[in-house]
Amino acid sequence: MAKQQFEAESRRLLDMMINSIYSKREVFLRELISNASDAIDKMYYRALTDDSITFNQSDYYIKIDVNKDERELTVQDTGIGMTKEELESNLGVIAKSGSLAFKKENEIKDGYDIIGQFGVGFYAAFMVADEVTVISRALGSEQAYRWHSEGADGFTIEDAEKDSIGTTITLKVKESSEDDDFDQFLDEQQLQQIVKKYSDFIRYPIKMELTEEQLKADSDDEYETVVEEKTVNSMVPIWKKNKTELTDEDYHEFYKEKHYGFDDPLTHVHLSVDGNIRYQAILYIPESAPYNYYSQEYEKGLELYSNGVLIMNKAPELLPDYFSFVKGLVDSEDLSLNISREMLQHDRQLKLIEKNLVKKIKQELKKLLMNDREKYETFFKAFGRQLKYGVYSDFGQNKDTLKDLLLFYSSTEETLVTLQEYVDRMKEDQTIIYYATGESHARIENLPQTEMVKDKGFEILYLTDDIDEFALKMLQEYEGKTFKSVSSGDLELGDDDETNAPEVTDEDQKIFDKMKEQLSGKVSDVRPSKRLKTHPVCLTNEGDISIEMEKVLSMMPENQGVKADKVLEINTNHQIFNQLKENALENEDLIATYANILYNQALLIEGLPVEDPVSYANDVWKVMK
Ligand SMILES: Nc1ncnc2c1ncn2[C@@H]1O[C@H](COP(=O)(O)OP(=O)(O)OP(=O)(O)O)[C@@H](O)[C@H]1O
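As a starting point, this report considers the structure included with it.

What counts, and where the lines are drawn
Residues numbered from 1 in each chain as written. Predicted model: local features only at pLDDT ≥ 70, side-chain atom pairs only at ≥ 80, totals over all residues. Pairing = 2+ DSSP bridges. Helix = DSSP H or I, 4+ residues; strand = E, 2+ residues; numbered from the N terminus. Buried ≥ 20, exposed ≤ 12 C-beta atoms within 10 Å, placed from the backbone. Axes fitted to C-alpha atoms, helices over the stretch in contact; angles between N-to-C directions. Contact = placed C-beta atoms within 7 Å. Parallel < 35°, antiparallel > 145°, perpendicular 65-115°, else oblique. Nonpolar A, V, L, I, M, F, W, Y, C, P; charged D, E, K, R; others polar. Core = buried A, V, L, I, M, F, W, Y, C linked by C-beta atoms within 7 Å.

## Quick notes on the sheet that holds strand β14 (residues 408-410)
The pairing of strands in a sheet comes from backbone hydrogen bonds and takes either a parallel or an antiparallel form.
Then step 1. On the basis of which strands lie adjacent, the open sheet formed by six strands has the order β15-β14-β17-β16-β19-β18 and mixed pairing. The sheet terminates laterally at β15 (416-417) and β18 (477-478), the two strands that pair on one side only.
Then step 2. Looking at chain direction, β14 and strand β17 (residues 460-463) are connected through two bridges and run antiparallel. Across the sheet, residue Y409 finds its bridge partner in β17, namely Y462.

## Overview of unusual backbone geometry
Both trends apply: most residues other than glycine have a negative phi, and most peptide bonds are in trans.
Then step 1. The phi angle at N307 is positive, at roughly 45 degrees, despite the residue not being glycine.
Then step 2. Its location among the elements puts N307 in the loop between β11 (302-306) and β12 (309-315).
Then step 3. For N307, a count of 14 C-beta atoms within 10 Å gives the class partly exposed.
Then step 4. Here the phi dihedral of F395 falls at roughly 55 degrees; this positive angle occurs in a residue that is not glycine.

## As for the sheet that holds strand β13 (residues 327-332)
Then step 1. Ordered in space as β9-β10-β13-β11-β12, the five strands form an open sheet in which the pairing is mixed. The open sheet has two edge strands, β9 (265-274) and β12, and neither has a second partner. Each strand axis lies, on average, 15 degrees off the axis of its neighbour in the sheet, ignoring direction.
Then step 2. Two strands pair when backbone bridges link them, and β11 and β12 are joined in this way by four bridges, in the antiparallel orientation. Following the sheet pairing, S306 is matched in β12 by V309.
Then step 3. Helix α9 (residues 348-371) contacts β9, β10 (278-286) and β13 of the sheet and is inclined by roughly 140 degrees relative to β9.

## Some thoughts on helix α7 (residues 248-257)
Then step 1. Those residues of α7 that sit buried are Y251, F254, Y255, K256 and E257.
Then step 2. Where α7 terminates, the next one or two residues include H259, which has phi positive at roughly 55 degrees.

## Details of the packing of helix α18 (residues 575-584) against helix α19 (residues 588-605)
Then step 1. Viewed as axis vectors pointing N to C, α18 and α19 meet at an angle of 155 degrees, and their least axial separation amounts to 8 Å. Here α19 runs roughly antiparallel to α18, going by the angle between their axes. Residues L580, N583 and A584 of α18 pack against E588, L590, I591 and Y594 of α19.
Then step 2. Of the residues assigned to the contact of α18 with α19, the class counts are five nonpolar, one polar and one charged.

## Remarks on the nonpolar core
Then step 1. Membership of the largest hydrophobic core comes to 147 residues, with the highest contact counts inside it found for A125, L318, V330, Y435, I460 and L568.
Then step 2. Residues contacting Y435, with those up to four places away along its chain left out, are I460, L461, L463, L472, F483 and S485.

## A closer look at the pairing of strand β1 (residues 62-67)
Then step 1. Where β1 and strand β2 (residues 72-77) come together, six bridges link them in antiparallel fashion. By the bridge assignment, K63 is partnered in β2 with Q76.
Then step 2. Counted along the chain from β1 to the antiparallel partner β2, the turn is four residues long, and its residue R71 has a positive phi close to 55 degrees.
Then step 3. The pairing of β1 with strand β7 (residues 206-215) spans three bridges and is parallel. Residue I62 lies in a different strand from β7, and its bridge partner there is I206.

Written out as structure tokens, the structure is:
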């Protein structure tokens, strides 16, 4: 029988499993039970929705058996089974092919982190076993198949016999050594504890043959050894339990069992609603964004159950895009089992649930913001961008839901602040929320445009995400205070604003006119600056499109060449301008050269490319001579 190879990435993961010295190897059982439960979910759902399948509640179970002599541990389920092709593709390739890519990106220090933090699925079996055998018969098939692997060098698949539909996984448990106790995975009591710890909430019975000493019938003191099949889990799904019975650890374990994320959840909400529509929900806010979160590949959605029966793995209708990071499930006894994807989109009950979930998620986030700032900032660093997209998209219709959840870096506080905090700190006569845009806080800090605003003691919000300015433009105002970029035409800095206006002589004006002519088509005006103090030059803009927005839009495929209306501002108190004035009378060409240089320097300060680097360099040499 020819051996088939594992896919390269699967092989690496498998290698990690085989060589694992991870202390929580016991999670392999959680993984196998979770897969078994998923397979029964599928079967159960088919039985409920397809009349040709006879249905018997007691048919659905998971069974764990131990054969100590052979060192065999078996996990058997009555789920939907796998066809030959499914055995090949599902067990030959890891489902989450992104896990390793994620690992690279985040430079997780060693292989064991991946096992500890990530759901690794079926391959976890190789942490405790030298050999794994899977015998499976799929629903609708008479033929069963045997998949077998002794590790990273590949697997075989051959025909097999099996009386009933489902899957049986047998592990040949590794020999114990001085440092490693594998015998515990052949011990009934230990296994029972592991099931209780990780899989107590599984909805189907997990059965085991348990050996007990029992009093003999008709005797007060004589015991006999009895082997009895028992269900070892409580079977009540976690979401049907009372919150007060559950600990944070229970919720964390459930998050892990469900593989909702690679991380720990930051917080969770457990709802039990008894209104127009009855439902239970557990919602998690993850700690970090999945590696593919900000890509098309990411699929949002919650698991959807109808009275305990899983009907959909990811129902996107339950979450708006701006909360797409939320993980978890909803179970409603008022939902029809037969609801189809198309129907879901129009389902009124589902819309009601979504509305309510949005309210609860917002409440939870606000609670976090108020009570645990550090955690909230962790959340915001991971998902803040999504919230800002939420403000901007759908023509701003969700901005009121989201505006209080936003954070921006503040020039005065040197940390992230809310808009409310900014407004509460505003000076008495201040009517405007100032912001500056740029690639990084350090770059913004050095922008000439921020000088005067800072000098007058105004707080400035530093926007570094490309979506930021678009979001603020969509918000328009916060508590009646409008937003203004420090680069915008009129800064409205207050009463002494006008007195600050530089005096312009006829001679100055001539220079400005000449510069404007030289830069025609590039800037709409050249004028003396009211905002510059130590820098000689900067670009500002008039109108709705800022220079930063022009940059963002130019990177979009269909940008239609949208341009900001730029103005070149010159600091007339600066030495450079005085120098120009001194020499301009004798040499008019010099004004043109200065105009080019100053314009290009202003572009560089903005992080924009110089249009013609060679002629820029020539201009600089000209004045250096
Ligand atoms: N007992 C089983 N019965 C039927 N199919 C199974 C069983 N165990 C595994 N599978 C199939 O093999 C696939 C791979 O399983 P694996 O545990 O590696 O990843 P997963 O369960 O898909 O992902 P995750 O564990 O992250 O949820 C499953 O998606 C499922 O289709």
